[in-house]
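Given next are the chains, with one letter for each unit.
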Amino acid sequence: MSEQEQVNYGPSGVRLPMTSKNDGLLEQVTSDVHCLTIKITNVCFIGDVTSGWVLVDTGMPNCKEDLITALQNEFGQFNPPQAIILTHGHFDHVGAVAELVDEWKVPVYAHTKELPFLTGEKDYPEPDTSVEGGFVAKSSKAFPNEAIQLGSAVQPLPEQGRVPYLGEWQWVHTPGHAPGQIALFRERDRLLVSGDAVITVKQDELNKVYNQTQELQGPPRYLTTDWDAAKKSAETLYNLNPEIIVPGHGVPMFGQELHSQFKSLIQNFDQKAVPDKGKYLH
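Criteria and cut-off values
- Residues numbered from 1 in each chain as written.
- Predicted model: local features only at pLDDT ≥ 70, side-chain atom pairs only at ≥ 80, totals over all residues.
- Heavy atoms only, no water.
- 1 Å grid on protein atoms, 1.4 Å probe; cavity = no way out; pocket = protein on both sides within 12 Å on 5 of 7 lines; lining within 4 Å.
- Points joined across faces, edges and corners; volume = space filled by probe spheres on them.
- Nonpolar A, V, L, I, M, F, W, Y, C, P; charged D, E, K, R; others polar.
- Helix = DSSP H or I, 4+ residues; strand = E, 2+ residues; numbered from the N terminus.
- Buried < 20%, exposed > 50% of the residue type's maximum accessible area, 1.4 Å probe, protein only.
- Contact = heavy atoms within 4.5 Å.
- Expected span 1.5 Å × (residues − 1).
- Arc of directions from axis to C-beta.
- Pairing = 2+ DSSP bridges.

Q: Looking at this structure, I do not really get empty space enclosed by the protein. What am I missing?
A: Rolled over the atoms, a probe as big as a water molecule pinpoints where empty space is left. Under the defined criterion, the tally for this structure stands at 5 cavities of 30 Å³ or more. Of the volumes computed, that of the largest cavity is approximately 90 Å³. What lines the largest cavity is Ile199, Lys202, Gln203, Asp204, Gln217, Gly218, Pro219, Pro220, Arg221, Tyr222, Lys272 and Ala273. Here the lining of the largest cavity is composed, by residue class, of 5 nonpolar, 3 polar and 4 charged. As for the second largest cavity, its lining consists of Asn42, Val43, Cys44, Val56, Asp57, Thr87, Val193, Gly195, Val246, Pro247 and Gly248. A per-element tally of the lining of the second largest cavity places strand S5 (residues 41-47) first, with 3 residues. Tallied by class, the residues present in the lining of the second largest cavity amount to 6 nonpolar, 4 polar and 1 charged.

Written out as structure tokens, the structure is:
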């Protein structure tokens with residue numbers, strides 16, 4: 001793995017191989033929804049980037065130029081988004097947010113329970129390296145858990161599930177992986193942007209992360225602190241009966257394959273998603 005495929009994390013400057021073969025891949029999911037993979041994390045463009053659109057999540061640390069270059073290469077001219085919506089505040093979803101806010105001067109929205117982690121008030125619990133899993137899980141001790149400071153740039157999402165600038169969409173509170181994690185859902189085409197509540201890759205195993213092996217999963221084990229809530233959140237999203245999932249990690253999943261794998265995950269959540277051991281199990 002090349003030097004460019006590694007990222008500095010943590011105060012010790014530990015270098016971890018955190019990329020995938022889909023790094024830089026921009027996929028058109030529907031006519032107005034695009035999914036861009038930055039290293040191992042997805043961001044979404046919802047709307048028409050030449051007029052009005054919203055960015056969902058901002059990817060890994062030090063990835064601002066990757067995101068902007070992908071927009072330029074795919075669309076040529078584009079306008080800044082009307083807003084940035086964060087599914088939650090973990091380091092791999094807010095990596096470029098401060099730099100993008102400085103450049104674009106746009107508001108950021110997140111759930112009220114996530115605001116302390118975005119305004120410097122509270123750090124996340126440390127990753128749980130004791131969960132079973134592969135290299136990524138064992139190396140997660142190097143992942144930053146410190147709060148970021150967005151100040152007045154970040155605002156609480158409106159009540160009753162309303163999403164700024166996206167009238168057809170609703171936000172759904174999906175705690176467990178993070179206290180204020182949300183997903184976004186559009187009834188018209190049953191499209192679900194799931195954040196990390198459910199993902200489509202086994203995120204704790206490096207080989208599967210790199211190859212983006214598709215399999216519907218619960219949230220990443222090493223950063224999930226409330227497994228009872230995580231199970232309820234997965235059930236909530238299953239009951240929306242989505243036809244399309246754009247996850248925080250992994251490739252989008254569609255139709256019958258999604259239905260079948262989601263049903264199996266819900267029926268076997270304790271065996272498939274919950275770790276056998278870990279400091280956040282009880």
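Q: Is there a simple way to think about the environment of Leu26 in this case?
A: Secondary-structure assignment places Leu26 in strand S3 (residues 26-30). Leu26 gets classed as buried once you look at its relative accessible area, which sits at 18%. Placed 11 residues apart in sequence, Leu26 and Thr37 show a C-alpha to C-alpha distance of 6.6 Å. Ignoring anything within four residues of it in the chain, the contact list for Leu26 reads His34, Cys35, Leu36, Phe45, Ala70, Glu74 and Phe75.

Q: Mind showing me how you'd approach helix H1 (residues 64-75) here?
A: Two residues of an α-helix separated by three or four positions point the same way, owing to the 3.6 residues in each turn. Under the 1.5 Å per step criterion, the end-to-end length of H1 is 17 Å for 12 residues, consistent within 8% with the ideal 16 Å. Taken together, the buried positions of H1 are occupied by Lys64, Leu67, Ile68, Ala70 and Leu71. For H1, the angular spread of buried residues about the axis comes to 155°, placing them on one side. Lining the buried residues of H1 we find S3, strand S4 (33-38), S5, strand S6 (53-56) and helix H2 (97-104). At the exit of H1 stands Gly76, carrying a positive phi of roughly 70°.

Q: Hey, could you run me through the sheet that holds strand S12 (residues 191-195) in this one?
A: Within a sheet, adjacent strands bond to each other through the backbone by hydrogen bonds, running parallel or antiparallel. Strand order in the open sheet made by the 5 strands is S10-S11-S12-S13-S14, with mixed pairing throughout. This sheet does not close on itself; its edge strands, each paired only once, are strand S10 (169-173) and strand S14 (253-254).

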